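What the coordinates show
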Amino acid sequence: MFITYEEFAQRADGIRARIDSACRTAGRATGTIELLAVTKTHPAAAVEYAAKYGLCGVGENRVQEGIEKRAQVAATIRWELIGHLQTNKAKLAATHFDRIQSVDREKLLNQLDRAATEANRILPILLQINAGNDPAKFGADLADAPRLLETALLKKNLRVDGLMTIAPLGVDAATTADHAARTFNTLRGLRDDLAARFGVALRELSMGMTGDLEIAVATGSTLVRVGTALYGARDVTAATAG
Ligand SMILES: *Cc1c(COP(=O)(O)O)cnc(C)c1O
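What to know about the nonpolar core
Core analysis: the largest hydrophobic core is formed by 66 residues, its most contacted members being F8, I19, I100, L112, I125, L127 and I129. Here the element with the most residues in this core is helix α1 (residues 5-26); it accounts for 8 residues. Those residues in contact with L127, other than ones at most four positions away along the chain, are Q101, V103, L109, L148, L149, A152, V160, G162, L163 and M164.

Here we look at the pattern of salt bridges
Counting across every chain of the model gives 18 salt bridges. When the shortest N-O distance is used, the salt bridge between R70 and D98 registers 3.2 Å. Of the two residues, R70 is situated in helix α3 (residues 63-72) and D98 in the loop between α4 (90-96) and β4 (99-103); the sequence distance between them amounts to 28 residues. The exposure class of R70 is partly exposed, given its relative accessible area of 29%. Where R99 meets E204, a salt bridge forms, and the shortest distance between an N and an O atom there is 3.0 Å. Here R99 is found in strand β4, whereas its partner E204 is found in strand β7 (residues 204-206), with 105 residues between them in sequence.

Thresholds, definitions, all that
- Residues numbered from 1 in each chain as written.
- Predicted model: local features only at pLDDT ≥ 70, side-chain atom pairs only at ≥ 80, totals over all residues.
- Heavy atoms only, no water.
- Core = buried A, V, L, I, M, F, W, Y, C linked by side-chain atoms within 4.5 Å.
- Buried < 20%, exposed > 50% of the residue type's maximum accessible area, 1.4 Å probe, protein only.
- Helix = DSSP H or I, 4+ residues; strand = E, 2+ residues; numbered from the N terminus.
- Contact = heavy atoms within 4.5 Å.
- Salt bridge = Lys/Arg side-chain N within 4 Å of Asp/Glu carboxyl O.

Okay, here's the thing in structure tokens:
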């Protein structure tokens, strides 16, 4: 049995409180950080709950799963792709998602721009950066970020909203927290450098999940992607990205 809406709302209230509290600690204005509900592996009801609660977006990891779920949902909400995107699925992703957060290579930029042009739309994207230098994570290397952004800014049908990253896990809680702080600070520093160098805002910093959202808020996140704390644990066999 999936959770009820009341359970969901209670959990969402709790996460909002965590975000607000982290904002106050960091001296940031409350209400400025978006909560993206990560609905991967969960039923369409998860999306309906998020919309009913008033969240503006949901995150999905897999193109096919997102498309199938979207067809079952009547509510209006923004659908974001946050999982690794294969080049051969770029066209599908560009036509079925409202924003793609996992753009990490030039070939993908080319495919997405072509698809967006054919669909006669402007596709918002984030550039995913492997700011924690984690061999297990997707995302462009830090050193390649300027070139990737330069290419992205030349694509007429893409709009670069900002950057996204996932922090590497550590061997224990303290190491994980330390990795998260360093990864998020690195992403923020990169954003500030790139914004100045290219004269663009790159407003969005998508960083922070269930386990590290306070650290993300402290380091400048504008959007946290939360799954487990909203919907409970996922079936790990169904949770692989792709
Ligand atoms: C699954 C996922 C999340 C959500 O993680 P939780 O720990 O369940 O909050 C956030 N971002 C990405 C990219 C994910 O794949």
